[in-house]
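One letter stands for each residue in the lines below.
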Amino acid sequence: MKVVKFGGSSLASAQQLEKVLDIVKADPERKFVVVSAPGKRDSQDTKVTDALIQYYKHYVAEKNVTADQEWIIERYQAMSDELGLKPKVMTKIAQAIKDLAKLPIQDNLFLYDSFLAAGEDNNAKLIAAYFNQNGLPAVYVHPKEAGITVTPEPGNAQIIPSSYDRIEKLRGYDEVVVIPGFFGVTAEGDICTFSRGGSDITGSIVAAGVKADLYENFTDVDGIFSAHPGIIKNPQSISELTYREMRELAYAGFTVLHDEALIPAYRGRIPLVIKNTNNPSHPGTKIVLKHSRNQQPVVGISADDGFVSITISKYLMNREIGFGRKVLQILEDLNIGFEHIPTGIDDMSVIIRERQLTPIKEEEILRQLTHKLEVDHAEIERDFSILMIVGENMKSHIGVTATAAKALSDKGINIEMISQGSSEVSILFVIKTAQKNAAIQALYEAFFPKN
Ligand code: ASP
């Protein structure tokens, strides 16, 4: 059995829904379909989820919401008309959209989530009706009925592990089960969403719950590329990645899949494949627990901006027991997480994401380092990017760092810092952001030479 999840761009129009129907029909193993809200039809368009946010804002500000309701209803109506659906489903959808404006505003922690979730919820109703009308028996199942019980954290729900046993019962349906993504229901019965883009998480949870043989995540790209296509022209697409490789690449800017979506499938030992709704015969990228064959040492190169370095030096730092802990304590007290800590004998650099700093926090860090920890020098350096080369097979190859360092030095790119974990799944370089694109190009040429 397979769980298939379709993202917003795959569900944005009647034409896209026709492709979805063909994909589900093409394989009887595709028993569970998790759907996003309708996405953008073109770059100028608005996602239904974003339109719902506007609707929510106007509602809580007690403004007139008729135009918001009409725009959203019309998005579904246009698809329904083009697909020739019977009017019943649209009556239900229109009512559900209007009913949002009857929910209590006061003391309602889950009001925003209830608005947001309506995008996927109504799309699932429409898609189940469309399937049924076109020779594919289907049933719409709300997350409450499906047993997707989550913690009561608005906008950041987490699955409650006991849900999985209930979700497994979905295997009992004879029809194709259509489930709205992006939200679950708390033990108290409130609608609570995952973080943005969270339909991927629902797909992963359902795949783990029903013990699927495969979780197919349909997007609008032919899988994952070995480098960003905006920087490298026609990069190779990756046919197979391990969960660990995917996690490393996602950390540094690969955003095809929601970060949290890997966990349920990984724990359930369910392989995952990323495929293209617009090109379904392309094999896509498979994410597996272990590589099925010997891979090249580097499978992908990623980079991310917006890092700063807190650079600290103190004579005899290495002999001062507890020094590192005290530095991290300063950050913890200011609620700042760290990303990497490359060290020397008498110096250390703490790499953090710039968005965590405020001018006040910055001043406080430097004040405490100088006065409490009595360092010789402390400064905050900005405009850093991290650059990562990723591949499980690096372990068994000598010279990967040498190749990377040579490629960078040949292009005159200075490596500010370098770090490799003992698992050897990735090597991380810190470079100046201005040199990021040139660095990716240099590494790509070195590790993915044209034959
Ligand atoms: N519709 C939601 C969002 O835009 C969730 C999703 O598409 O996965 O964030």
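Everything numeric in this text was worked out from a predicted model, so none of it was measured.

Trainee: Which residues make up the overall build of the protein chain, and what values do they have?
Mentor: Of the regular secondary structure elements, the protein chain holds 14 helices and 16 strands. Its C-alpha atoms give the protein chain a radius of gyration of 25 Å, near enough to 22 Å, the size a compact globule of 451 residues would have. Across its three principal axes, the protein chain shows a C-alpha extent of roughly 75 × 55 × 40 Å. Classification of the 451 residues of the protein chain by burial places 52% in the buried group. Within the protein chain, counting contacts between residues at least 6 apart in sequence, those at least 24 apart form 75% of the total. Carbon and sulfur atoms form 50% of the exposed surface of the protein chain, whose accessible area is close to 20,800 Å². Treating the 49 positive side-chain charges of the protein chain as one cloud and the 58 negative ones as another, the clouds have centres 4 Å apart.

Trainee: Any details on the UniProt feature "binding site: substrate" (unreviewed entry) in the protein chain? Residues and values, ideally.
Mentor: The residues that UniProt annotates with the feature "binding site: substrate" (unreviewed entry) are Thr49 and Glu120. Taking the farthest pair of C-alpha atoms as the criterion, the annotated set spanning 72 residues converges on one region, since that pair is 8.3 Å apart. Of the annotated positions mentioned, Thr49 and Glu120 line the largest pocket. One can find Thr49 in helix 2 (residues 48–60). For Thr49, a relative accessible area of 6% gives the class buried. In this structure Thr49 touches Ala37, Leu116, Glu120, Phe182 and Arg196, once residues within four positions along its chain are discounted. Its place among the elements puts Glu120 in helix 5 (residues 111–133). Under the relative-accessibility criterion, Glu120 is labelled buried at 3%. Once residues within four sequence positions are removed from consideration, Glu120 is found in contact with Val35, Ser36, Ala37, Thr49, Pro180, Gly181, Phe182 and Ser199.

Trainee: Could you give an account of the layout of surface pockets, with specific residues and numbers?
Mentor: Considered as a void within the structure, the largest pocket measures approximately 1,000 Å³ in volume. As for the largest pocket, its lining consists of 44 residues, and the residues nearest its centre are Thr219, Asp220, Thr255, Val256 and Leu257. Counting residues per element, the ones that place at least two in the lining of the largest pocket are helix 8 (199–209), strand 8 (214–219), strand 12 (300–313) and helix 14 (436–447). Here the residues of the lining of the largest pocket are counted per class, giving 17 nonpolar, 18 polar and nine charged.

Trainee: With reference to specific residues and values, describe the pattern of salt bridges.
Mentor: Enumeration according to the criterion identifies 18 salt bridges in this entry. Residue Arg75 pairs with Asp45 through a salt bridge whose shortest N-O separation is 3.9 Å. Highlighted residues: Arg75 in helix 3 (residues 66–83) and Asp45 in the loop between strand 2 (30–35) and helix 2, separated in sequence by 30 residues. Considered together, Arg75 and Asp45 belong to a single accessibility category, that of buried residues.

Trainee: So what's going on with the sheet that holds strand 14 (residues 377–390)? Which residues, and what values?
Mentor: The five strands lie next to each other as 13-12-14-16-15, forming an open sheet whose pairing is antiparallel. The two strands at the open ends of the sheet, each matched to only one other strand, are strand 13 (347–353) and strand 15 (417–420). For this sheet, the mean inter-axis angle between neighbouring strands, taken without regard to orientation, is 35 degrees. Sitting on the sheet, helix 12 (residues 359–371) is in contact with strand 12 and strand 14, with an inclination near 110 degrees to strand 14. Packing of helix 13 (residues 400–410) onto the sheet brings it into contact with strand 14, strand 15 and strand 16 (426–432), and relative to strand 16 it is tilted by some 20 degrees.

Trainee: Go over the UniProt feature "binding site: ATP" (unreviewed entry) in the protein chain with me, naming the residues and quoting the values.
Mentor: Within this numbering scheme, the UniProt entry marks Lys5, Phe6, Gly7, Gly8, Thr219 and Asp220 as carrying the feature "binding site: ATP" (unreviewed entry). The largest pairwise C-alpha distance within this set of annotated residues, which runs over 216 residues, is 12.1 Å, so the set is compact in three dimensions. Lining the largest pocket, from the residues named above, are Lys5, Gly7, Gly8, Thr219 and Asp220. Under the relative-accessibility criterion, Phe6 is labelled buried at 0%. Contact partners of Phe6, with chain neighbours within four places excluded, come to Leu11, Val20, Ile23, Val24, Val33, Val34, Val35, Ser36, Phe218 and Thr277. By the element assignment, Asp220 lies in the loop between strand 8 and strand 9 (240–242). With a relative accessible area of 44%, Asp220 lands in the partly exposed category. Aside from chain neighbours lying at most four places away, what touches Asp220 is Ser9, Asn276 and Asn278.

Trainee: Talk me through helix 12; I want residue IDs and the actual numbers.
Mentor: Over its 13 residues, helix 12 runs 18 Å from end to end, which matches the ideal 18 Å to within 8%, given 1.5 Å per residue. Three or more residues of helix 12 are buried, namely Glu362, Ile365, Gln368 and Leu369. Buried residues of helix 12, viewed axially, fall in a sector of 140 degrees; they line one side. Residues of helix 12 that are exposed and angled more than 90 degrees away from the buried face: Pro359, Ile360, Glu363 and His371.

Trainee: How would you explain the site of the ligand if you had to name every residue and give the values?
Mentor: The ligand sits among Ser36, Lys47, Thr49, Glu120, Phe182, Arg196, Gly197, Gly198 and Ser199. For the ligand, an oxygen atom lies 2.7 Å from a polar atom in the backbone of Gly197. In the complex, the protein chains occlude 93% of the 260 Å² of accessible area that the ligand would expose alone. Grouping the constituent residues of the shell around the ligand by class yields one nonpolar, five polar and three charged.

Quick notes on the rules
Residues numbered from 1 in each chain as written. Predicted model: local features only at pLDDT ≥ 70, side-chain atom pairs only at ≥ 80, totals over all residues. Heavy atoms only, no water. Helix = DSSP H or I, 4+ residues; strand = E, 2+ residues; numbered from the N terminus. Rg over C-alpha atoms; globule rule 2.2 N^0.38 Å. Buried < 20%, exposed > 50% of the residue type's maximum accessible area, 1.4 Å probe, protein only. Contact = heavy atoms within 4.5 Å. Areas by Shrake-Rupley, 256 points an atom, 1.4 Å probe, with all protein chains shown as cover. Lys, Arg positive; Asp, Glu negative; His and termini not counted. Charge placed at Lys NZ, Arg CZ, Asp CG, Glu CD. UniProt positions renumbered as here; feature names shortened; annotations may be inferred. 1 Å grid on protein atoms, 1.4 Å probe; cavity = no way out; pocket = protein on both sides within 12 Å on 5 of 7 lines; lining within 4 Å. Points joined across faces, edges and corners; volume = space filled by probe spheres on them. Nonpolar A, V, L, I, M, F, W, Y, C, P; charged D, E, K, R; others polar. Salt bridge = Lys/Arg side-chain N within 4 Å of Asp/Glu carboxyl O. Pairing = 2+ DSSP bridges. Axes fitted to C-alpha atoms, helices over the stretch in contact; angles between N-to-C directions. Expected span 1.5 Å × (residues − 1). Arc of directions from axis to C-beta. Near = heavy atom within 4 Å. Polar contact = N/O pair within 3.5 Å; in protein donor to acceptor, adjacent residues only side chain to side chain.

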